[in-house]
Amino acid sequence: MLQEKISKIKKGGLSAVENISNFLRIIKAKNGKINALLYVNENALKEAAAVDKKIKQKKAGKLAGLAIAVKSNISVLDLPVSCASRTLEGYQGTFDADVIKRIKAEDGIIIGMANMDEFACGSSGESSAFGATDNPAAPGRIPGGSSSGSAAAVAAGMCDIALGSDTGGSIRNPASHCGVVGVKPSYGRVSRFGLIDLSMSLDQIGPLSSDVHGSALMMEVISGRSKYDATTFDNPVPSYSSAMKKKLNGLKIGISSDFEKLCTDKRIYEKIKTAAEKLAAATNSKSVDVNLKYLHLAIQTYYPIVYVEFFSGTRKFDGRKYGKKIEDACGEEVLRRILGGKEISKSEYEGRYYRKALAVRKLIEKDFGKAFEKVDIMIAPTTPMLPHALGGRITDPKIMYAYDAFTSPANLAGICAGVVNCGKINNIPVGLQIMAPAFREDLMFSAMKAVEDLKNAKEA
Ligand code: GLN
């Protein structure tokens, strides 16, 4: 789909201005109800006109004329970067994040800034200070979070591709609930320079799109070493879109009964298992049961790390330089993490919480390392339950945190993982998660493409 549009733009069959105008019309008609975008770029049409000139001169880049929505925790020069919080209300980006520089260099056009859970803390999109986002694929339900607006903008047809950030599932969870594609890159694959941290040892920026090709293309653009982020790696960035054309054959596909145990809604596990078996049959592959001994500890490991790193990262929001003092302006979940992080990182608790969590994180990483000695990729559910109804406020944080049971392990282990839709339950989209070893995004994309092809063939 997106591939066809790109070649149409290149050939002059659709101009960048026309493409952007179409999206602006859709945004105007739908955003009031969906609340996916917090801000629409007033200069988008002007920027599109400049790209059209480059297209005519045959000097345009890979993303020429495409509309890109950006999560509001990624810095874009002169656009509001609020993290959907009153803390940073009115703050405008003073520079382009590395990923934005790369998108602009390939002539992508930033269409607007997306809604999100406040400071990326959440799984539902309900904790934004500027109102919750509706799910275009299942109206009246949460779109998932924290990249709620990015996923909803893609699902509602308000942009071609969106950027989100994923610390424990924030790209994959909303991709699953909104029926779109979303990718969490391997840690260190994409520069975090210009991303406002939730938890710096876990965060990665990644794409959301309506098909696998869109995310593969965006990954080609944003991946690679940056001198501004010392955690990025030098590994070459392969052409993910051509890797995707390679037909999968004779793989070992891991599926773990440990996923089944943690799946509160067994229908989700059944659906994923069936899709995995079909993938194995279609690609001459073998399904292998893998043991993930420490999987059940992922949430208890993830949250202490996030609390402590978030507490540390937010100390710059003291009200002197940027906006308001965070503790005075933020919502309940953000405050819980700041106070919790402050408490458990006290010296008298040395070694009790954060250190222990880091030790278990190592065990989880080893668990995945061992599993990937036996299998090439792993297939898992994305969330253990379907998205809840909007407004049915979840007051127990433990219930909200449970959404991350199958997504946070990939962040803890540093591997890559992507979500692609594999059907619906009660008319609500369900995303299938594919995990691959660190820096094997090429393999992950081939497998995601195969799942997408199987689904499209069934629907045709
Ligand atoms: N739901 C998780 C959390 O609240 C994930 C957030 C994220 O990935 N940004 O921390």
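Residues numbered from 1 in each chain as written. Predicted model: local features only at pLDDT ≥ 70, side-chain atom pairs only at ≥ 80, totals over all residues. Heavy atoms only, no water.

K.L.:
I'd like a rundown of the overall build of the protein, residues and numbers included.
P.N.:
Counting its regular elements, the protein contains 17 helices and 11 strands. Principal-axis analysis of the C-alpha atoms gives the protein an extent of 60 × 60 × 45 Å. If you take every contact in the protein between residues at least 6 apart in sequence, the share linking residues at least 24 apart comes to 77%. Counting every atom, the protein has about 17,900 Å² of accessible surface; 54% of that belongs to carbon and sulfur. (Helix = DSSP H or I, 4+ residues; strand = E, 2+ residues; numbered from the N terminus. Contact = heavy atoms within 4.5 Å. Areas by Shrake-Rupley, 256 points an atom, 1.4 Å probe, with all protein chains shown as cover.)

K.L.:
Go over empty space enclosed by the protein with me, naming the residues and quoting the values.
P.N.:
This structure, assessed with the given rule, holds 2 cavities of 30 Å³ or more. What lines the largest cavity is a set of 13 residues, among which Gly122, Ser170, Tyr302, Tyr303 and Asp404 lie closest to the centre. Per-class residue counts for the lining of the largest cavity are 5 nonpolar, 6 polar and 2 charged. For the second largest cavity, the calculated volume is near 40 Å³. Where the lining of the second largest cavity is concerned, the elements lending two or more residues are α6 (172-178) and β11 (428-436). When residues in the lining of the second largest cavity are grouped by element, the largest group, 3 residues, is from β11. Of the residues assigned to the lining of the second largest cavity, the class counts are 5 nonpolar, 4 polar and no charged. (1 Å grid on protein atoms, 1.4 Å probe; cavity = no way out; pocket = protein on both sides within 12 Å on 5 of 7 lines; lining within 4 Å. Points joined across faces, edges and corners; volume = space filled by probe spheres on them. Nonpolar A, V, L, I, M, F, W, Y, C, P; charged D, E, K, R; others polar.)

K.L.:
Give a description of the pairing of strand β10 (residues 416-425) that names residues and reports values.
P.N.:
Extensive coverage of β10 is indicated by the burial of 9 of its 10 residues. Relative to β10, strand β5 (residues 181-184) is paired through 3 bridges, and the arrangement is antiparallel. Its bridge partner being in β10, valine 183 is matched across the sheet by glycine 418. Looking at chain direction, β10 and β11 are connected through 8 bridges and run antiparallel. Residue pairing across strands places valine 420 opposite leucine 432, the latter belonging to β11. The hairpin formed by β10 and β11 contains 2 residues between the paired strands, and asparagine 426 there has a positive phi angle of roughly 50 degrees. (Buried < 20%, exposed > 50% of the residue type's maximum accessible area, 1.4 Å probe, protein only. Pairing = 2+ DSSP bridges.)

K.L.:
An account of the packing of aromatic side chains is requested, with residue identities and associated values reported.
P.N.:
Taken as a whole and assessed by the stated rule, the structure comprises 13 aromatic pairs. Judged by centre distance (6.4 Å) and plane angle (85 degrees), the rings of tyrosine 303 and tyrosine 307 are edge-to-face. Of this pair, tyrosine 303 and tyrosine 307 both sit in helix α11 (residues 298-313), 4 residues apart, which is roughly one turn of that helix. Here tyrosine 303 and tyrosine 307 have matching classes, each one buried. Joined through ring pairs, the aromatic side chains of Tyr91, Phe119, Phe310, Phe317 and Tyr322 make up one cluster. (Phe/Tyr/Trp six-rings, centres within 6.5 Å; stacked < 30°, edge-to-face > 60°.)

K.L.:
For the packing of helix α10 (residues 266-282) against helix α17 (residues 441-459), give the residues involved together with the corresponding values.
P.N.:
Here α10 crosses α17 at 100 degrees, and the two axes come no closer than 10 Å. Comparing the axis directions of α10 and α17 gives the class roughly perpendicular. Across the interface between the two elements, Lys278, Leu279 and Ala282 of α10 pack against Ala447, Ala450, Val451, Leu454 and Lys458 of α17. Across the contact of α10 with α17, the residue classes break down as 6 nonpolar, no polar and 2 charged. (Axes fitted to C-alpha atoms, helices over the stretch in contact; angles between N-to-C directions. Parallel < 35°, antiparallel > 145°, perpendicular 65-115°, else oblique.)

K.L.:
Mind laying out the environment of isoleucine 55, listing which residues take part and the relevant values?
P.N.:
Structurally, isoleucine 55 is set in helix α3 (residues 44-56). Accessibility expressed as a relative area gives 12% for isoleucine 55, which makes it buried. C-alpha separation for the pair isoleucine 55 and leucine 38, spaced 17 residues apart in sequence, amounts to 30 Å. When sequence neighbours within four positions are dropped, the list of residues in contact with isoleucine 55 reads Ile9, Lys10, Ala60 and Ala64.

K.L.:
Just give me the short version of the nonpolar core, but keep the residues and values in it.
P.N.:
Counting 150 residues, the largest nonpolar core has Phe119, Phe368 and Phe445 as its most contacted members. Residue contributions to this core peak at 9 residues, all from α11. Setting aside residues up to four positions removed in sequence, phenylalanine 445 forms contacts with Val183, Val212, Ser215, Ala216, Met219, Tyr240 and Met244. (Core = buried A, V, L, I, M, F, W, Y, C linked by side-chain atoms within 4.5 Å.)

K.L.:
Tell me about the side chain of threonine 87, and name the residues and values.
P.N.:
Tracing the backbone through its elements, the reader meets threonine 87 in the loop between β2 (67-71) and α4 (98-105). A distance of 2.8 Å separates the side chain of threonine 87 from the side chain of serine 85, its partner in a polar contact. For threonine 87, the contacting residues outside a window of four places in its chain are Glu118, Phe119, Phe317, Tyr322, Gly323, Lys324, Lys325, Ile326, Ala329 and Cys330. (Polar contact = N/O pair within 3.5 Å; in protein donor to acceptor, adjacent residues only side chain to side chain.)

K.L.:
Pulling in residues and values, what's your account of the environment of threonine 274?
P.N.:
With respect to the helices, strands and loops of the structure, threonine 274 is situated in helix α10. You can call threonine 274 partly exposed: its relative accessible area is 37%. Between the alpha carbons of threonine 274 and alanine 49 there is a distance of 47 Å; along the sequence they are 225 residues apart.

All quantities given are derived from atomic positions and should not be read as evidence of function.
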